[in-house]
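# Reading the structure
Chain by chain, the residues run as shown.
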Amino acid sequence: NTTLEQAGQAGMHHDGIAYFPLPLGSNNNQHGLLAMNHEYVDNGLLFPDGDANWDMNKIRKSQNAMGVSVIEVQKDGQGAWQVVRPSAYARRITPTTPMHLSGPARGHDLMKTRADPRGEVVLGTMQNCANGQTPWGTYLTCEENWADIFTTQGIPNDLEKRYGIGTKDETYRWSEQDFRFDTGLTPNEANRFGWVVEIDPHNPLSTPVKHTALGRSKHEGATVAIAPNGQVVVYMGDDQKFEYIYKFVSAATYQPNNRAANMRLLAEGTLYVARFDENGKGSW
């Protein structure tokens, strides 16, 4: 298949997946939306000639095979699930899809690039691993091994070392021609990845949001709970070896009848890290 065709097809290597009943707010188990992650790509499966004849067209196809898909599904008269085609909800979200930034890192100097001098709009999400769902009907996708795709020129700085950005990438090879993934040329681009991204599967025209208040790491999962006082709590893990477990507690409270307000809950709050002691106890 072509690079353009891949942009409208399911991506590779599904990871987190979630079901959203239709219509929004119902408990319908016969008709709904699936949001699914596409964590990584395999050049040997994606291209007839594998790693040979590397060019920008292959990079774009690789990018079109990563990210997130939203598809509409419904049970037929025999009780078998079918993909609904055409669907007003169907969409692909890839490493080139525009996304807003929210939270404390929005507009920070370390988020600004030549293409985005305000540090407010990022192109894309990638290496989408585990996930979460919110009570207001949105999908949380987690950017995990995003550092694998970036390379740097010369000796990695302390931050690049911390996240695992090296001087070579022999798997994806995007940085060879798409220079926003070369931190020697675009030093702040890597800072724009490593976040939890909120997607509204019910609105195909909506812009995904990267919530920086939930912290930057190699995210593995974002499980949402409502506390007794109405605050929203998100539990998250960092899937890098010897890393940490986090929880985010929203500043505002969940409002069951105000979805628009709930869509802003993950933009402001307090981020905690778990400390585990040798006696089996711990604290946030």
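Here's a quick rundown of the structure. This structure is a prediction, so every number in the text was calculated from the model and none was measured.

### Description of the side chain of T3
Here T3 is to be found in helix 1 (residues 3–6). Overall, the relative accessible area of 13% leaves T3 in the buried class. If sequence neighbours within four positions are ignored, T3 has contacts with N57, R60, K61 and N64.

### Some thoughts on the packing of aromatic side chains
Across all of its chains, the model carries 11 aromatic pairs by this definition. Each ring, one from W174 and one from F181, has its centre 5.3 Å from the other, and the planes form 65°; the classification is edge-to-face. One exposure class covers both W174 and F181, and it is buried. One aromatic cluster is present, built from ring pairs that chain together F150, Y172, W174, F181 and F193.

### Considering the pairing of strand 3 (residues 67–75)
The pairing of strand 2 (residues 31–38) with strand 3 spans eight bridges and is classified as antiparallel. Following the sheet pairing, H31 is matched in strand 3 by Q74. Bridge count between strand 3 and strand 5 (residues 91–93): three bridges; the pairing is antiparallel. In the sheet register, S69 faces strand 5, and the bridge partner there is R92. By the bridge criterion, three bridges tie strand 3 to strand 4 (residues 81–83) in an arrangement that is antiparallel. Each bridged residue has a counterpart across the sheet, and for K75 the counterpart in strand 4 is W81. Between strand 3 and strand 4, which follow one another and run antiparallel, lie five residues, and G79 among them has a positive phi close to 85°.

### Remarks on the nonpolar core
Within the largest apolar cluster, 25 residues are counted, with the highest numbers of intra-cluster contacts made by V41, M66, M126, W146, I149, F150 and W174. Contact partners of W146, with chain neighbours within four places excluded, come to M126, Q127, Y163, I165, A190, F193, G194, R216, S217 and K218. L140, M236, Y246 and L266 belong to the second largest nonpolar core, which has 15 residues in total.

### With respect to the environment of R264
Assignment of secondary structure puts R264 in the loop between helix 5 (259–262) and strand 15 (269–273). Once the C-alpha coordinates of R264 and K281 are considered, the two residues, 17 residues apart in sequence, prove to be 34 Å apart.

About the thresholds
- Residues numbered from 1 in each chain as written.
- Predicted model: local features only at pLDDT ≥ 70, side-chain atom pairs only at ≥ 80, totals over all residues.
- Heavy atoms only, no water.
- Helix = DSSP H or I, 4+ residues; strand = E, 2+ residues; numbered from the N terminus.
- Buried < 20%, exposed > 50% of the residue type's maximum accessible area, 1.4 Å probe, protein only.
- Contact = heavy atoms within 4.5 Å.
- Phe/Tyr/Trp six-rings, centres within 6.5 Å; stacked < 30°, edge-to-face > 60°.
- Pairing = 2+ DSSP bridges.
- Core = buried A, V, L, I, M, F, W, Y, C linked by side-chain atoms within 4.5 Å.

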